Amino acid sequence: MLLIPFIKENKEKVIKLLNVKNFKNTEILDNIISFDEARKSTQKKLDETLAKSKNIAKEIGGLFKSGKIEEANAKKAETGTLKELAKTLTEELALLKNKTTDLLLKVPNIPHESVPAGNSENDNETIKTVGEIPKLYDGAKPHWELTDKYDIIDFELGNKITGAGFPVYKGQGARLQRALINFFLDEATSVGFREVQPPLMVNSDSGYGTGQLPDKDGQMYHVGVDDLYLIPTAEVPITNIYRDTIVDAKDFPIRNTAYSQCFRREAGSYGKDVRGLNRLHQFDKVEIVVIEHPDKSYARLEEMSDYVQSLLKKLELPYRVLRLCGGDTSFTAALTYDMEVYSAAQERWLEVSSVSNFESYQANRLKLRFKDENGKTKLAHTLNGSALALPRIVAALLENNQTPDGIRIPKALVPYTGFEYIK
RNA sequence: GGAGAAAUGGCAGAGUGGUCGAAUGCGGCGGUCUUGAAAACCGUUAUGGGUCACACCAUCGGGGGUUCGAAUCCCUCUUUCUCCGCCA
């Protein structure tokens, strides 16, 4: 959520920047401001009423102590109207607060100044492209044929057991998954991330904390009997470790990494883009999450981007880095870099990582704060990124490294797979 | 699943109806002393709303209630602990 005082003081700027994200409903900002004004004046009235009742209660206490029972009982009568007034004001206040929060939840994060305007992926800005696009031999296949040929990922079997988008990894395919997970975790911990294993289900407070709720309600699997959500990314439980906390500024940057399975309903997706490993309901990902001082969050974002790129280099995959345009930047992010690897057989780029700075947008919902050098409590900045998501990495590895003799495993991974070729 | 007990500040732990936002100890921070440190001593040390700053208001697991007045009494939910059962 944006901070109301910030909206008030920078209204024109906020409107302008939200426009970059194609958010046009700017009268909502005026409503937020006026609801907040009403909230303040109601709060003031309530405080005054409560102060009066409190004083009378104290007086009555004193009278009872000194034995003036009759006077005390007479005083009691005075409190009736105050009580009623307080009740009405409390209800009004709660209503105003709810209305304000509801509206605030509908306002996306404002984008960073560097975010280009635009509506779709075509407007994203390519920052750099690294690596050679491989030339495949005649007869090279897309990954969904390779997985059959080598019997390593079984989509049909997943259909039978669960449904579309829940593949079964088998043999060398399963081993490759485990190798990638261990490789990514080892790399992350070696550059200073602490490894954690969070729950795969979260409550709705956590969902609101990181912004999946209410924005992406329909995209998460909801376990109704216990009112829990299957996580769409480990970002949710990891970041919520710090919900309702005041961290020590000396601990910045706070870096955590976790492997988790991720669950996404992907309602509304269809077509060739979802073929094979391109889009799954359950997939594996290693996530990195950083909590940082506001002054340093953008430097940290660059560092995280560099780190993700280092993984892609070690995996010998050609990739490009995009700065997402306003329309493609998520609801909660201020600036997002996407890393895409080139899939030679599909002849297209596949998104394998998103690295984002959320500034204080998540922190405000999370109540994630720190004390600055003057002892003032301030909101921290949160950042996260995939490092990396497995399915499309696997797709690209299979397609780009296919040879007539099998699929070559990149050198960096061989210690983890225990084999050099999938045959 | 059954029975019982409990939930208080960073931690430990008092407080069972009135000036309690809350004793005390530990820890943290600042100071005195010291060449420096330790010890000792003094001070300080929750969060949110509100204010230029005060005042003031809210918060003792969450929600509701009783009362002029609730950390304290009642209801409810959640969590934790102990015992029994069950499972590994």
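Predicted model, so just to flag it, every value in this text is computed and none were measured.

### Side note on the protein's contact with RNA strand B
And step 1. Inspection of the region around RNA strand B gives 18 residues, with Arg39, Asp47, Lys54, Ala57 and Lys371 positioned closest.
And step 2. Close to the protein, within 4 Å, the atoms of RNA strand B belong to sugar or phosphate groups at a rate of 69%.
And step 3. Separating a phosphate oxygen of RNA strand B from a side-chain N or O atom of Lys54 is a distance of 2.9 Å.
And step 4. Elements with a minimum of two residues in the surface near RNA strand B: α3 (27-65), α5 (79-105) and β14 (368-371).

### Focus on the sheet that holds strand β15 (residues 377-379)
And step 1. Strand order in the open sheet formed by 3 strands is β8-β14-β15, with mixed pairing between adjacent strands. Each having just a single partner strand, β8 (245-247) and β15 make up the two edges of the open sheet. Strand-to-strand twist in this sheet, taken as the mean axis angle between neighbours without regard to direction, amounts to 40°.

### What to know about helix α13 (residues 390-400)
And step 1. Of all 11 residues in α13, 11 are buried; the element is thus mostly enclosed.
And step 2. Every buried residue belonging to α13 is among Leu390, Pro391, Arg392, Ile393, Val394, Ala395, Ala396, Leu397, Leu398, Glu399 and Asn400, and all of these are buried.

### Points about the layout of surface pockets
In this approach the atoms are scanned with a rolling probe the size of a water molecule, which exposes any empty space left behind.
And step 1. One number sums up the size of the second largest pocket: a volume of about 400 Å³.
And step 2. What lines the second largest pocket is a set of 20 residues, and nearest its centre among them are Phe155, Ala164, Gly165, Val274 and Gly276.
And step 3. Those elements that place two or more of their residues in the lining of the second largest pocket are α6 (143-149) and α7 (155-161).
And step 4. Across the lining of the second largest pocket, the residue classes tally to 7 nonpolar, 6 polar and 7 charged.

### Details of the pattern of salt bridges
And step 1. Evaluation of the coordinates by the stated rule reveals 16 salt bridges.
And step 2. With its nearest N and O atoms 3.0 Å apart, the salt bridge here joins Lys170 to Asp151. Pair noted here: Lys170 is in the loop between β3 (168-169) and α8 (172-190) and Asp151 is in the loop between α6 and β2 (153-154), with a separation of 19 residues, a long-range link.
And step 3. Among the residues examined, Lys170 registers a relative accessible area of 22% and is labelled partly exposed.
And step 4. A single network of salt bridges, built from pairs that share partners, joins Arg255, Glu292, Arg300 and Glu303.

### Some words on the environment of Asn159
And step 1. Tracing the backbone shows Asn159 in helix α7.
And step 2. Residue Asn159 is classed as partly exposed on the basis of its relative accessible area of 34%.
And step 3. At 3.2 Å, the side chain of Asn159 and the backbone nitrogen of Ala164 are in polar contact.

### As for the packing of aromatic side chains
And step 1. Applying the stated criterion to the full structure yields 6 aromatic pairs.
And step 2. Consider the rings of Phe193 and Tyr307, whose centres lie 6.2 Å apart with planes at 40°: the pair is tilted. Of this pair, Phe193 sits in the loop between α8 and β4 (194-195) while Tyr307 sits in helix α11 (residues 297-314), and the two are 114 residues apart along the sequence. Both residues of the pair, Phe193 and Tyr307, count as buried.
And step 3. Taken together, a centroid distance of 5.2 Å and an interplanar angle of 75° make the contact between Phe252 and Phe370 edge-to-face. Of this pair, Phe252 sits in the loop between β8 and β9 (254-263) while Phe370 sits in strand β14; the two residues are 118 residues apart in sequence, bridging distant segments of the chain.

### Things to note about the nonpolar core
And step 1. With 56 residues, the main nonpolar core has Leu180, Phe184, Leu312, Val341, Ile393, Leu413 and Ile422 as its most contacted residues.
And step 2. Among the elements of the structure, α8, β10 (282-292), α11, β11 (319-323), β12 (335-343), β13 (348-359), β16 (381-389) and α13 are those that each provide at least two residues to this core.
And step 3. Sort the elements by how many residues they give to this core and α8 lands first, with 8 residues.
And step 4. Of all hydrophobic cores here, the second largest spans 18 residues; its members include Leu2, Leu29, Leu103 and Leu105.

### Some details on the domain arrangement of chain A
And step 1. Domain assignment breaks chain A into domain 1 (4-104) and domain 2 (121-422).
And step 2. One C-alpha centre belongs to domain 1, the other to domain 2, and the line joining them spans 43 Å.
And step 3. Each side of the interface is counted separately: domain 1 has 4 residues, and domain 2 has 8 residues.
And step 4. Carbon and sulfur atoms supply 43% of the area that domain 1 and domain 2 bury against each other, a total of about 320 Å² over both sides.
And step 5. At the boundary of domain 1 and domain 2, one finds 3 residue pairs in polar contact (both at pLDDT 80 or more).
And step 6. Residues belonging to the side of domain 1 that touches domain 2 are distributed by class as follows: 2 nonpolar, 1 polar and 1 charged.

### A few points about the sheet that holds β10
The strands that make up a sheet are held in pairs by hydrogen bonds between backbone atoms, and each pair lies either parallel or antiparallel.
And step 1. Judged by pairing direction, the sheet is mixed, and its 8 strands sit side by side in the order β1-β11-β12-β13-β16-β10-β9-β4 without closing on themselves. The sheet is open, and its two borders are formed by β1 (125-130) and β4, each paired with just one other strand.
And step 2. By the bridge criterion, 4 bridges tie β13 to β16 in an arrangement that is antiparallel. Across the sheet, Val355 pairs through a bridge with Gly385, a residue of β16.

What counts, and where the lines are drawn
- Residues numbered from 1 in each chain as written.
- Chains lettered and ligands numbered in written order.
- Predicted model: local features only at pLDDT ≥ 70, side-chain atom pairs only at ≥ 80, totals over all residues.
- Heavy atoms only, no water.
- Near = heavy atom within 4 Å.
- Polar contact = N/O pair within 3.5 Å; in protein donor to acceptor, adjacent residues only side chain to side chain.
- Helix = DSSP H or I, 4+ residues; strand = E, 2+ residues; numbered from the N terminus.
- Pairing = 2+ DSSP bridges.
- Axes fitted to C-alpha atoms, helices over the stretch in contact; angles between N-to-C directions.
- Buried < 20%, exposed > 50% of the residue type's maximum accessible area, 1.4 Å probe, protein only.
- 1 Å grid on protein atoms, 1.4 Å probe; cavity = no way out; pocket = protein on both sides within 12 Å on 5 of 7 lines; lining within 4 Å.
- Points joined across faces, edges and corners; volume = space filled by probe spheres on them.
- Nonpolar A, V, L, I, M, F, W, Y, C, P; charged D, E, K, R; others polar.
- Salt bridge = Lys/Arg side-chain N within 4 Å of Asp/Glu carboxyl O.
- Phe/Tyr/Trp six-rings, centres within 6.5 Å; stacked < 30°, edge-to-face > 60°.
- Core = buried A, V, L, I, M, F, W, Y, C linked by side-chain atoms within 4.5 Å.
- Domains from an automatic or database assignment.
- Contact = heavy atoms within 4.5 Å.
- Buried area = accessible area lost by both parts, 1.4 Å probe.

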